[in-house]
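Listed below are the residues making up each chain.
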Amino acid sequence: MGPLRSVVLAGGGTGGHIYPLLAFADCLRRHDPGVRVTCLGTPKGLENELIPPAGYDLRNIPAYQLPRSINMNLVRTPGRMWTAARAAGKVIDEVRADVVVGFGGYVSVPAYLAAWRREMPIVIHEVNVPPGVANRLGMKFTKHVAVGFPHQPAQAESLRDARVVGVPLRRSIAGLDRVAMRTAARAHFGLRPDLPVLFVAGGSQGARSINLAVAGAAKELARNGIQVLHVIGARNEPVSVPTDLPVPYVTLPYLSDMDAGYAAADLMLGRGGAMTCAEVAAIGLPTVYVPYPHSNQEQKRNASPVVEAGGGLLVDDAEMTPDWLERTVIPLIRDPQRLQAMGTAAAAYGRRDGDEALLSFVHEAVVR
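Small disclaimer: the values here were computed from a predicted structure and weren't measured.

Asker: Would you take a moment to explain the sheet that holds strand 6 (residues 145–147) for this structure?
Answerer: For sheets, the rule is that strands pair by backbone hydrogen bonds, running either parallel or antiparallel. Sheet architecture is open: 7 strands sit in the order 3-2-1-4-5-6-7, paired in parallel fashion. Unpaired on one side and paired on the other, strand 3 (57–60) and strand 7 (163–164) mark the two borders of the sheet. Packing of helix 1 (residues 15–31) onto the sheet brings it into contact with strand 1 (6–10), strand 2 (36–41) and strand 4 (99–102), and relative to strand 1 it is tilted by some 170 degrees. Sheet strands touched by helix 17 (residues 354–367): strand 4, strand 5 (122–126), strand 6 and strand 7. Its angle to strand 5, the strand with the most contacts, is close to 155 degrees.

Asker: Which parts of the structure should I look at to understand the sheet that holds strand 12 (residues 287–289)?
Answerer: Across the sheet, which stays open at both edges, the 6 strands sit in the order 10-9-8-11-12-13 with parallel pairing between neighbours. Only two strands of the sheet have a single partner each, and these edge strands are strand 10 (249–252) and strand 13 (312–314). Between one strand axis and the next, the sheet turns by 15 degrees as a mean value, whatever way the strands run. Relative to strand 12, strand 11 (residues 267–270) runs parallel, the two being bridged by 3 bridges. Across the sheet, the residue bridging to methionine 268 is threonine 287, located in strand 12.

Asker: Teacher, can you tell me more about the side chain of asparagine 135 here?
Answerer: Following the sequence through the fold, asparagine 135 ends up in helix 6 (residues 133–138). Within the local environment of asparagine 135, its side chain forms a polar contact with the side chain of glutamate 126, the two groups lying 2.8 Å apart. Every residue in contact with asparagine 135, bar those within four places of it in the chain, is listed here: Phe103, Gly104, Tyr112, Ile124, His125 and Glu126.

Asker: What is the right way to read the layout of surface pockets from this model?
Answerer: If a probe the size of a water molecule is rolled over the atoms, the empty space left behind becomes visible. Estimated volume of the second largest pocket: approximately 350 Å³. Around the second largest pocket, the lining comprises 18 residues; the ones closest to its centre are Arg178, Val179, Arg182, Leu339 and Gln340. Listed by contribution, the elements that provide at least two residues to the lining of the second largest pocket are helix 9 (178–188) and helix 16 (336–349). Residue contributions to the lining of the second largest pocket peak at 6 residues, all from helix 16. Its residues assigned to classes, the lining of the second largest pocket comprises 9 nonpolar, 4 polar and 5 charged.

Asker: I'm lost on the packing of helix 10 (residues 208–216) against helix 15 (residues 322–333) in this one. Help?
Answerer: Between helix 10 and helix 15, the least distance of the axes is 7 Å, while the angle of their chain directions is 65 degrees. Comparing their axes, helix 15 and helix 10 come out roughly perpendicular. Helix 10 and helix 15 meet at a crossing whose hand is right-handed. Here Ala213, Val214 and Gly216 of helix 10 lie close against helix 15, whose contacting residues are Pro322, Leu325 and Glu326. Each residue belonging to the contact of helix 10 with helix 15 can be placed in one class, and the counts come to 4 nonpolar, 1 polar and 1 charged.

Asker: In this structure, what is going on with the environment of glutamine 297? I would like to understand it.
Answerer: As for its placement among the helices and strands, glutamine 297 is situated in the loop between strand 12 and helix 14 (298–308). Taking the C-alpha atoms as reference points, glutamine 297 and glycine 272, 25 residues apart in sequence, are found 9.6 Å from one another. A distance of 3.5 Å separates a polar side-chain atom of glutamine 297 from the backbone oxygen of proline 293.

Asker: Got a minute to help me understand the packing of aromatic side chains in this structure?
Answerer: Aromatic rings in a pair are described by how distant their centres are and how their planes are angled relative to each other. Taken as a whole and assessed by the stated rule, the structure comprises 3 aromatic pairs. With a centroid separation of 6.0 Å and an interplanar angle of 80 degrees, the aromatic rings of phenylalanine 199 and tyrosine 262 are classed as edge-to-face. Pair noted here: phenylalanine 199 is in strand 8 (residues 197–201) and tyrosine 262 is in helix 12 (residues 258–264), with a separation of 63 residues, a long-range link. On the accessibility criterion, phenylalanine 199 (0% relative accessible area) is buried.

Asker: I keep staring at the pairing of strand 1 and nothing clicks. Help me out?
Answerer: Along any regular strand the residues' side chains alternate between the sheet's two faces. Of all 5 residues that make up strand 1, 5 are buried, and the element is covered over most of its length. Both faces of strand 1 are covered, namely the face carrying Ser6, Val8 and Ala10 and the face carrying Val7 and Leu9. In this sheet, strand 2 lies alongside strand 1 in parallel orientation, the contact comprising 5 bridges. By the bridge assignment for strand 2, valine 8 is matched with threonine 38. Since strand 1 and strand 2 lie parallel, the crossover through helix 1 that links them has a hand, and here it is right-handed. Where strand 1 meets strand 4, 4 bridges bridge the pair, whose relative direction is parallel. Looking at strand 4, one finds that leucine 9 is bridged to valine 101.

What counts, and at which threshold
- Residues numbered from 1 in each chain as written.
- Predicted model: local features only at pLDDT ≥ 70, side-chain atom pairs only at ≥ 80, totals over all residues.
- Heavy atoms only, no water.
- Pairing = 2+ DSSP bridges.
- Helix = DSSP H or I, 4+ residues; strand = E, 2+ residues; numbered from the N terminus.
- Contact = heavy atoms within 4.5 Å.
- Axes fitted to C-alpha atoms, helices over the stretch in contact; angles between N-to-C directions.
- Polar contact = N/O pair within 3.5 Å; in protein donor to acceptor, adjacent residues only side chain to side chain.
- 1 Å grid on protein atoms, 1.4 Å probe; cavity = no way out; pocket = protein on both sides within 12 Å on 5 of 7 lines; lining within 4 Å.
- Points joined across faces, edges and corners; volume = space filled by probe spheres on them.
- Nonpolar A, V, L, I, M, F, W, Y, C, P; charged D, E, K, R; others polar.
- Parallel < 35°, antiparallel > 145°, perpendicular 65-115°, else oblique.
- Left-handed = near helix turned anticlockwise from the far one by under 90°.
- Phe/Tyr/Trp six-rings, centres within 6.5 Å; stacked < 30°, edge-to-face > 60°.
- Buried < 20%, exposed > 50% of the residue type's maximum accessible area, 1.4 Å probe, protein only.
- Right-handed = clockwise from strand over helix to strand, strands pointing away.

Right under this line is the structure:
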């Protein structure tokens, strides 16, 4: 593969867009430390907290929320969209970009428009079904579309011809050896090395229904010798956990080093976000998925293939109660052979090389 001199990466708003962007940026730098990587974001997005500390150039441009219905009139009429595209174009011209790679979020749209006007390669990476509105618009300007999961092309007509490359994962996760790190990870959180650990994390903002159910089952979990590492979520109120439990129940508002949480765990309980599904499948961590109920069911679609492969369990949010946990999770986490089988099945479905596969795809798009 020939060298890429300058790459513009567009994606922002949520971790689901930013984390794969950063993982791909790291991959670019591994292959060529001299490559110029420029990230596009918006002033209010989460990218401002994540991208500059990772050592990458972040250029903020205007971006606007799009209507849910996509048609060509959308790009012909709103002057503000072209204003944003002009701002993106100035960045593209300044850094002399070879390609624009978009990961979704409203900031991707101006980048796609600017690249299209310059007749330069555009590569889109999508992890959801149906695709996000920004990427759906971008697909009108390029045929170079990559997806994170093998079920996506069959479930969305717009993704029928997409290349399955996997999801770019942070190296701390893609290279994680859970067994080798388990003792150190448990010590880091103040957990005992000899008892099973349930790792609970409902996404970056947490999940109230999951939080309440697990806290409600705390006594029964502890009575069965099950430790809990519980990430409440930055926007959730602290849960009430009994103080006299015989085994550790550790609560955290937020966890940045998810690899340590994964390494400490025997079983995870969480939502079905695309990044969560990709990460836990790649490292072979058995997971109980509780998809977010107030959406178009994309989290259920994300988790279902892993569950069907034998790598986890799926439960509706309305059924997530202390009683369900006691009846289902306790027997599961106390069955090492079943957990091992689930972990093996998850790892067989997941993949750790999404960053490398996406890089190969980008090179193909550039040389065509």
